[in-house]
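# Structural description and commentary
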Amino acid sequence: SGVISEGCRVAELGAGYGRLAYVFAESCALTYCIFDIPPALAVAQWYLTAVLGKARIVPYSPGTNFGVVESNLSPGTVAFFTPDQMEMFPDGWFDLSQTISTLPEMPAHQSAHYLGLLAAKSRRAGFLKQWRRWRNVADDFELREESYRFPTPWHLAARRVDPIQPAFFNQLWLRL
């Protein structure tokens with residue numbers, strides 16, 4: 001059975017304007033949570049409200065009380081959060097966590113922190129699409145594909161060079 005099915009929960013760190021969220025939201029009734037920084041978060045909320053309709057949107061709201069937030073997260077909805085709000089979600093709450101072309105944009109410690117959060121908050125699968133090699137000049141460090149590893153009990157189930165943009169890799173991690 002696949003990771004994505006009716007009722008599953010997906011987290012995406014750094015969704016851009018939300019095109020991947022749109023594809024997921026149109027494919028089946030799932031709960032999709034976007035974690036991004038302003039103004040990208042506002043752009044994604046605007047776009048997804050326009051294409052999915054207001055009834056399917058849980059708009060951004062500050063706060064860290066998961067009990068209050070959880071009652072709004074139902075299959076068929078897309079919800080918006082800042083990255084720091086990912087910490088309020090219980091470990092294993094999401095079926096899938098994913099991030100595309102985001103981690104090298106952060107300082108090394110922050111990149112490692114969010115990679116750890118993606119692993120902790122997902123109970124089944126994690127997807128990474130990142131630069132195979134990226135030099136962060138501002139912070140004077142380099143990330144390579146080997147820098148991105150989910151901790152035990154995760155295992156790398158699939159890996160490839162991205163067929164569209166070969167400077168990227170695709171990794172699928174599954175929890176044992």
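Residues numbered from 1 in each chain as written. Predicted model: local features only at pLDDT ≥ 70, side-chain atom pairs only at ≥ 80, totals over all residues. Heavy atoms only, no water.

### Looking at the pattern of salt bridges
Here the idea is simple: oppositely charged side chains can pair when their charged atoms come close. Tallied over the full model, the rule gives 9 salt bridges. Note that Asp95 is salt-bridged to Arg123, the shortest N-O span being 2.6 Å. With a gap of 28 residues between them, Asp95 in strand 5 (residues 94-100) and Arg123 in strand 6 (residues 122-131) connect regions that are remote in the sequence. In this structure, Arg124 engages Asp95 in a salt bridge whose closest nitrogen and oxygen atoms are separated by 3.7 Å. With a gap of 29 residues between them, Arg124 in strand 6 and Asp95 in strand 5 connect regions that are remote in the sequence. Each member of the salt-bridge network shares a partner with another, and the members are Asp95, Arg123 and Arg124. (Salt bridge = Lys/Arg side-chain N within 4 Å of Asp/Glu carboxyl O. Helix = DSSP H or I, 4+ residues; strand = E, 2+ residues; numbered from the N terminus.)

### Concerning unusual backbone geometry
In this chain, Pro38 is followed by Pro39 through a cis amide linkage whose omega measures 0°. Tracing the backbone through its elements, the reader meets Pro39 in the loop between strand 2 (31-35) and helix 2 (40-52). Residue Pro153 is bonded to the preceding Thr152 through a cis peptide linkage, with omega at 20°. With respect to the element layout, Pro153 can be found in the loop between strand 8 (141-144) and strand 9 (154-161). At Ser101, a residue that is not glycine, the phi angle is positive and equals roughly 50°.

### Points about the packing of aromatic side chains
Enumeration according to the criterion identifies 16 aromatic pairs in this entry. Here Phe89 and Phe94 contribute two aromatic rings whose centre-to-centre distance is 5.0 Å and whose plane-to-plane angle is 35°, an arrangement assigned as tilted. Classification of Phe89 as buried rests on a relative accessible area of 1%. Take Phe94: its relative accessible area is 0%, and that puts it in the buried class. Both rings, one in Phe150 and one in Trp173, keep their centres 5.5 Å apart while their planes meet at 10°; by these two values the pair is stacked. Of this pair, Phe150 sits in the loop between strand 8 and strand 9 while Trp173 sits in strand 10 (residues 168-175), and the two are 23 residues apart along the sequence. Side by side, Phe150 and Trp173 carry an identical accessibility label, which is buried. Grouped by ring-pair contacts, the aromatic residues Phe35, Phe66, Phe81, Phe89, Trp93 and Phe94 constitute a single cluster. Over the ring of Trp93 we find Arg9, and its NZ or CZ is 3.9 Å from the ring centre. Lying across the ring of Phe168, Lys129 places its NZ or CZ 5.8 Å from the centre. (Phe/Tyr/Trp six-rings, centres within 6.5 Å; stacked < 30°, edge-to-face > 60°. Buried < 20%, exposed > 50% of the residue type's maximum accessible area, 1.4 Å probe, protein only. Lys NZ or Arg CZ within 6 Å of the ring centre and 35° of its normal.)

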